[in-house]
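The lines below spell out each chain.
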Amino acid sequence: MVEKNIIFLGMPGSGKGTISSFLQEKEDIIQVSTGDIFREEIKNKTQLGLEVEKIVSLGAYVPDSITNEIVKNKIAKLEKDNKKFILDGFPRTIEQAKFLDELNFDNYVVIYLDVEKEEVIKRLSQRFFCSKCKRSYNLSNFKSKKHPNCENDDNLLIQRPDDQPSAIEKRLEVYQQQTEPLIDFYKKKNKLFVIEVNNNSIDKIVDKILFIINSK
Ligand code: AMP
């Protein structure tokens, strides 16, 4: 039984999504990916999807007012169902983190996946994900055994529009300006655990995280 919720911090391509889906498969914990939520809305051409499509494809951030409301509703439902969850891609700004505080969100740890910028540029440009189950793969270090199909459900793997070089550059710039300050924000709150991505396999990272959430 998982005791804590998780907030994942890390550059785009640091492995937040991949590790979240591993944890979700292994443990009784739900992945909440704001990126997946936006992509689904865009795919379904909903009002929200049409509103955020351009922003997401350019690699910019969706306004806090929109993102906060979505996450608030998700959290309310999960807490009502007594579920533990992983915030994968939220918060991404100090304002979003303060919004979480206002919701009295307290039973959590922050896992910062620390990785070199050069490594994420390589990873993002070689990244594929499943059009159905959303599992993420990488041609260099985590290739699907059934490439170009998904190992999990055999559906076709696709690349994200925001994994194009110009959008990657923009996303890393926005990350540095708006999200990096959260590392200090959570360090000061004594919530931050740092995991080096480069020296650890996915299984090892997952084990470390399980140790953290079950022992703190
Ligand atoms: P991700 O899949 O987490 O890399 O997110 C993909 C894109 O969705 C981001 O580049 C943003 O455009 C948008 N997005 C996801 N999460 C957030 C967030 N917390 N705040 C603002 N925009 C977000």
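Everything below is about the structure printed above this text.
Residues numbered from 1 in each chain as written. Predicted model: local features only at pLDDT ≥ 70, side-chain atom pairs only at ≥ 80, totals over all residues. Heavy atoms only, no water.

Asks: I'm lost on the site of the ligand in this one. Help?
Replies: The environment of the ligand is formed by 16 residues, the closest being Thr34, Arg39, Ala60, Gly89 and Arg92. Within the side chain of Arg39, one N or O atom sits 2.9 Å away from an oxygen atom of the ligand. Contact between the ligand and Gly89: a nitrogen atom at 2.8 Å from a main-chain N or O atom of the residue. Top contributing element to the shell around the ligand by residue count: helix α2 (residues 34-43), with four residues. Its residues placed into classes, the shell around the ligand shows six nonpolar, five polar and five charged. (Near = heavy atom within 4 Å. Polar contact = N/O pair within 3.5 Å; in protein donor to acceptor, adjacent residues only side chain to side chain. Helix = DSSP H or I, 4+ residues; strand = E, 2+ residues; numbered from the N terminus. Nonpolar A, V, L, I, M, F, W, Y, C, P; charged D, E, K, R; others polar.)

Asks: Please explain the pattern of salt bridges as it appears in this structure.
Replies: One side chain can pair with another of opposite charge once the charged atoms of both are near each other. Counting across every chain of the model gives 15 salt bridges. For Asp36, the salt bridge identified is with Arg39, shortest N-O distance 2.9 Å. Linking Asp36 with Arg39, this pair stays in helix α2, spanning three residues, or about one helical turn. You'll find Asp36 and Arg39 in the same group, each marked buried. The salt bridge involving Arg135 is made with Glu151; its shortest N-O contact spans 3.8 Å. One end of the pair, Arg135, is in the loop between β5 (127-130) and β6 (136-138); the other, Glu151, is in the loop between β6 and β7 (157-158), and 16 residues separate them in sequence. According to the relative accessible area criterion, Glu151 is partly exposed, its value standing at 24%. When salt bridges that share partners are traced, they join Arg127, Arg160, Asp162, Asp163 and Arg171 into one network. (Salt bridge = Lys/Arg side-chain N within 4 Å of Asp/Glu carboxyl O. Buried < 20%, exposed > 50% of the residue type's maximum accessible area, 1.4 Å probe, protein only.)

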